[in-house]
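Architecture at a glance
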Amino acid sequence: MILSGRGVTAVLGPTNTGKTHYAIERMVAHETGIIGLPLRLLAREVYTRLVEKVGQHNVALVTGEEKITPHMARFSVCTVEAMPRETRASFVAIDEVQLAGDLERGHIFTDRVLHLRGRDETLLLGAATMKPILEQLLPGIHVVERPRLSQLFYSGSKKITRLPQRTAIVAFSADEVYAIAELIRRQRGGAAVVLGALSPRTRNAQVALYQEGDVEYLVATDAIGMGLNLDVDHVAFAQDRKFDGYQFRNLNPAELAQIAGRAGRHMRDGTFGVTGRVDPFDDELVQRIETHHFDPVRVLQWRTPRFDYASLQSLRQSLDAPPPIGGLTRALPAVDQQALEHLSRYPDIRELATTPERVEKLWEACALPDYRRIAPAQHADLISTLYADLVKRGTVNEDFMADQVRRADRTDGEIDTLSARIAQIRTWTYVSNRPGWLADPTHWQEKTREIEDRLSDALHERLTKRFVDRRTSVLMKRLRENAMLEAEISVNGDVFVEGHHVGQLAGFRFTLVAGTEGPDAKAVQAAAQKALALEFEARAARLHAAGNADLALGSDGTVRWLGDPVARLAASDHVMRPRVILLSDEQLTGNARDHVAARVERFVNHHIATVLKPLDDLSRAEDLQGLAKGLAFQLVENLGVLFRRDVADDVKALDQDARASMRKHGIRFGAYHIFMPALLKPAPAELITLLWALKNDGLDKPGYGDLIPVLAAGRTSVVTDPAFERAFYKLAGFRFLGKRAVRIDILERLADLIRPLLQWKPGTPRPDGAYDGRRFTATTAMLSILGATPDDMEEILKGLGYRADSVKAEEAAAFLAAQAPTAAEAGSETPAETPTETSDEHDADAAEGEAEAPAAAAEQVPVAEPAEAAVPVAEAPAAAEAAADGEPAEAKPVLLWRPGSRHDNQRQGHRHGGERQGDRQGQGERRGGERNRGQQAGERGERREGGRGGRPDQKGRDGKPQGGNRPDRGERNERGGKPQQAKFEARPPRKEKPIDPDSPFAKLAALKEQMKK
């Protein structure tokens, strides 16, 4: 092999001699040119400088992972690996040619130095140690030696904490770099980080932090020794040993000088030294670095450029060929050759690599760099997958590639995680830039570049977040001096210590600002808490003296003082007296904490007593005795609403004086409910819902708080949501009736409208809606107060226990026409169909007849007719009147509603197999399995709804004994009718359920027994 150096110029010298700048100037003087650089980072830097000189359209950037190739670009900037083996460019330059002696990459540099030439000019740039070997290998080469522009001086050993500003600290592993940067951040305010594995985008962002003065220190690997232009005054070696890909070894003097030479720029002198655990340099080494005298490079790493692709065996043998001339040595197996050795043992690879073209394709695939630094076997497996696709499909399987790219496309995680993802995406960036490997290379080049940029930005953010924190260093310095820290608190709670924002104070809780984490968080928090000690006491005093207007109780149970949370409520033994839990840091102690707790408890009790005053007064009533006191106790426990059927015996046993005393406390005895109308307002309902939710862990249950706006809007009824907790309907003052919920007071008004229709006697003026004294039709007034449609009305009446008989419109009209006298003949008679809301004298106590019969029927067997069997709701009044007047009308059935009876329920239960609806749905109770509906429903207290249901009783659903006291029979006995008790005596004996002697119901039962005696 005969080589020539004719037309080749070697520009040699130490760092800071302007070699790269000279090469750029020479290249732009030619029509075309190409320059090769040792690092992708440095290639990016030179590319940027060239773009500034000749414009972006004239410069191409080609690396293994990135290609920017404008059409007809005149100049190319490449990594040495990406340089072509042959070129027609007028100018060629290769930088850092001393790397031709590197054990890992040296053979690449050697090949380009020996064979790649420009048509007009070739420049080789590097250290002066390359002069003898270049003159030996390339006879006729022209060597130009350039002196350093500034001087280097050794400054000895210094602790890391005593290093001067504008210092670059050098280590040779990522772990060591991070550890040093962490220490610098704690001690000196922050450091930028530069590693060879960083993407150009991340590296440039980190260097910008240093160059712009945001930090005064740079922690880096030997990547800064390869021509990166930094304003460094001092270089400190924290390590002097590195792993070169094969072994750990000490750096030789030339390598140390290459890194130390980064100190000083242009005409400004620089210094170098050691730090950490590195021993000081001996005098001889110092002198050699300062004077730039090093042992020359004696041999270059070499690997044959002539590969034999006849077979796998031939290719392996060609790689083992010895160098043909002196001055070269056969390189150790590189990553691509190691991968080939592994793959040659795979049976499926041997089956595929059977032709020279396929063997060449395999060698091309083996060139995939091991960015991830994984085991050689794992790297070979990835190459095997890619090679199989290339041979069988012609291109890499893009579904497989898409899956791999998707896994890397995440910006969460810490520094190591993001670094690993960048290494992974660099692999696929390389694949996307290989010619002929992908069906749509442009898409994947853009996709992988976008992901790498996003990951690079995230990594820069994490590096800055972790290693740049001037606030911490200031605080820790003051702590070491035991100085009294000066703290300021803004009106919005921002906490500043020594002028630095350290966190937020909300109420009595201090929260560090986001980004303060790791071991230093404890130091920052300690400093802040030390300064906030007096502030906590002052706040406690202000809260203790604050008025109730400064405090507020939210729907989530949080007590706020001037908008800041200071406490939250929790369940206690008494639903009206929740526990108060302070939200405060440990620094709130002693009397200050006691004062805060007492003030918050006083506010909560006052708030409950004010908003729920009727209920609170009832709980403290001293004028109630006996059964009235017991009934009041139940009403308080159920937060103001009881189903009348659940306490029917107690209500019946009350005398008129007891009833009057309870009415004075705002209690209304309705047909269906015993309740306090004053609580059916948004504010009391919201607080009642909160108290129930605290007691029953209901803050997170679906529907919490959603019904209060409905109540505030004045809605009298609402379509129910099956996902909501049904207890919330009752807590908001609504009765759940299947598909619709109706406000409790509106239901009582409905009862007022129905009652005169069922009490009407034929022969007297007939109110609108009355039929025969036993049945009625739905009227417009009923629909109006309910805000319901006729279909809704049918659902509501069934839920209340009424049953419908369907008759033809003609029959209904004829029947009504036969009744006399009619309402029209009554003249001045007041229609019974327009009553006002029932007074206490005309409540359910005065109407224990037909009004409660539906509830009684539903109590025994809450069965509703299915949709296909139900009689459709018709406009009964209009239809009847139209028929009476003889006007033509569409024949629609008329629904005649009557109080349901046990006979109806048994028949419906037999016909429909026990389908449940009606009042059971109204209460939101679901019971599994089939039951004896006529007996068990009356025996058990399953009629409770949420936390406000009544107690169990052993009565019918009208709340009355199932003997002869049914409203449609017992009351008629008093008026002269015949007793109707035999029907009830035939029932089978009940199986009594044991009663808890400690329950309030057992105590009430005992009290009633004493009164009877």
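Rules used throughout
Residues numbered from 1 in each chain as written. Predicted model: local features only at pLDDT ≥ 70, side-chain atom pairs only at ≥ 80, totals over all residues. Heavy atoms only, no water. Helix = DSSP H or I, 4+ residues; strand = E, 2+ residues; numbered from the N terminus. Buried < 20%, exposed > 50% of the residue type's maximum accessible area, 1.4 Å probe, protein only. Contact = heavy atoms within 4.5 Å. Areas by Shrake-Rupley, 256 points an atom, 1.4 Å probe, with all protein chains shown as cover. pLDDT = per-residue confidence, 0-100. Pairing = 2+ DSSP bridges. Axes fitted to C-alpha atoms, helices over the stretch in contact; angles between N-to-C directions. Parallel < 35°, antiparallel > 145°, perpendicular 65-115°, else oblique. Left-handed = near helix turned anticlockwise from the far one by under 90°. Nonpolar A, V, L, I, M, F, W, Y, C, P; charged D, E, K, R; others polar. Salt bridge = Lys/Arg side-chain N within 4 Å of Asp/Glu carboxyl O. Phe/Tyr/Trp six-rings, centres within 6.5 Å; stacked < 30°, edge-to-face > 60°. Core = buried A, V, L, I, M, F, W, Y, C linked by side-chain atoms within 4.5 Å. Arc of directions from axis to C-beta.

Quick notes on the overall build of the protein chain
- A count of helical and extended segments in the protein chain gives 38 helices and 34 strands.
- For the protein chain, the proportion of its 1013 residues judged to be buried stands at 53%.
- Expressed as a percentage of contacts within the protein chain between residues at least 6 apart in sequence, the contacts between residues at least 24 apart total 70%.
- Here the protein chain displays about 45100 Å² of accessible surface, and carbon together with sulfur accounts for 49% of that area.

Overview of the confidence of the model for the protein chain
- Scored by pLDDT, the protein chain comes out at a mean of 80, with 79% of its residues at no less than 70.
- Segment residues 846-853: pLDDT under 50, and 24 contacts once partners within four positions in sequence are set aside and those in other chains are kept.
- Across residues 908-991, where pLDDT falls below 50, the model places 212 contacts with residues more than four positions away in sequence or in other chains.

Overview of the sheet that holds strand β32 (residues 740-743)
- As summarised here, the arrangement of the three strands in space is β30-β32-β31, forming an open sheet in which the pairing is antiparallel. Looking at strand neighbours, the two that pair on one side only are β30 (717-719) and β31 (734-737), the edges of this open sheet. Going across the sheet, the axis of each strand differs from the next one's by a mean of 20 degrees, ignoring polarity.
- As defined by bridge partners, β30 adjoins β32 across three bridges and the pair is classed as antiparallel. Counted as the bridge partner of valine 719 is arginine 740 from β32.

Remarks on unusual backbone geometry
- Positive phi outside glycine occurs at methionine 72, with the angle close to 60 degrees.
- In this model, arginine 373 sits at a positive phi of 55 degrees, which is unusual for a non-glycine residue.
- Counting through the fold element by element, arginine 373 comes out in the loop between α12 (356-366) and α13 (376-392).

With respect to the packing of helix α15 (residues 415-432) against helix α16 (residues 441-467)
- At a closest axis distance of 9 Å, the pairing of α15 and α16 adopts a crossing angle of 160 degrees. Compared by their axis directions, α15 and α16 come out roughly antiparallel. Both α15 and α16 take part in a crossing whose hand is left-handed.
- Residues that form the contact of α15 with α16 fall into these classes: 13 nonpolar, six polar and six charged.

Here's the deal with the sheet that holds strand β27 (residues 641-643)
- The strand order across the open sheet formed by three strands is β27-β29-β28, and the pairing between neighbours is antiparallel. One side of each edge strand has no neighbouring strand; the edge strands of this open sheet are β27 and β28 (668-669).
- Where β28 meets strand β29 (residues 673-675), two bridges bridge the pair, whose relative direction is antiparallel. Across the sheet, residue phenylalanine 669 finds its bridge partner in β29, namely isoleucine 674.
- Its contacts with the sheet put helix α21 (residues 626-637) on β27, β28 and β29, and the angle it makes with β27 is roughly 110 degrees.

A word on the pattern of salt bridges
- For the structure on display, the rule yields 48 salt bridges.
- The residue glutamate 104 makes a salt bridge to arginine 373 at a minimum N-O spacing of 3.8 Å. Here glutamate 104 is found in the loop between β6 (91-94) and α3 (106-115), whereas its partner arginine 373 is found in the loop between α12 and α13, with 269 residues between them in sequence.
- With a relative accessible area of 30%, glutamate 104 lands in the partly exposed category.
- By relative accessible area, which is 66% here, arginine 373 ends up exposed.

Examining the pairing of strand β26 (residues 579-582)
- Residues Val580 and Leu582 line the buried face of β26, whereas the alternating positions Arg579 and Ile581 sit on a face that is not buried.
- Of the pairings in the sheet, the one linking strand β25 (residues 564-570) to β26 comprises four bridges and is antiparallel in character. Counterpart to alanine 567 in the pairing with β26 is leucine 582.

Let's talk about the packing of helix α5 (residues 174-188) against α16
- Packing of α5 against α16 brings their axes to within 8 Å, and their N-to-C directions diverge by 50 degrees. Taken together, the axes of α5 and α16 are oblique relative to one another. Of the residues in α16, those touching α5 at Tyr178, Ala181, Glu182 and Arg185 are Leu463, Arg466 and Phe467.
- For the contact of α5 with α16, the residue count by class is four nonpolar, no polar and three charged.

Remarks on the packing of aromatic side chains
- This model, assessed by the stated rule, comprises 17 aromatic pairs.
- On the basis of an interplanar angle of 25 degrees and a centroid distance of 4.6 Å, the ring pair of tyrosine 771 and phenylalanine 815 is categorised as stacked. One end of the pair, tyrosine 771, is in the loop between α27 (744-759) and α28 (780-786); the other, phenylalanine 815, is in helix α30 (residues 809-818), and 44 residues separate them in sequence.
- Given a relative accessible area of 5%, tyrosine 771 falls into the buried group.
- Members of the aromatic cluster, each reached through a chain of ring pairs, are Tyr154, Phe237, Phe272 and Phe281.

Quick look at the nonpolar core
- Counting 77 residues, the largest nonpolar core has Phe508, Val559, Met576, Val600 and Leu612 as its most contacted members.
- Counting residues per element, this core draws most heavily on helix α24 (residues 682-695), which supplies eight residues.
- In this structure phenylalanine 508 touches Phe536, Arg539, Ala540, Leu543, Trp561, Val566, Leu583, Ser584, Asp585, Leu588 and Val596, once residues within four positions along its chain are discounted.
- Formed by 65 residues, the second largest nonpolar core is a distinct cluster that contains Ala238, Ala339, Leu386 and Met401.

Remarks on helix α1 (residues 19-28)
- Within α1 the residues assigned to the buried category are Lys19, Thr20, Ala23, Ile24 and Met27. Burial along α1 is one-sided: seen end-on, the buried residues are contained in an arc of 140 degrees.
- In the core, the buried residues of α1 are packed alongside β1 (8-12), β2 (33-37), α2 (40-54), β5 (75-79), β6 and β7 (121-126).

Focus on the environment of glycine 738
- Assignment of secondary structure puts glycine 738 in the loop between β31 and β32.
- Looking at glycine 738, the relative accessible area reads 11%, which means it is buried.
- For the pair glycine 738 and aspartate 721, spaced 17 residues apart in the sequence, the C-alpha separation amounts to 9.9 Å.

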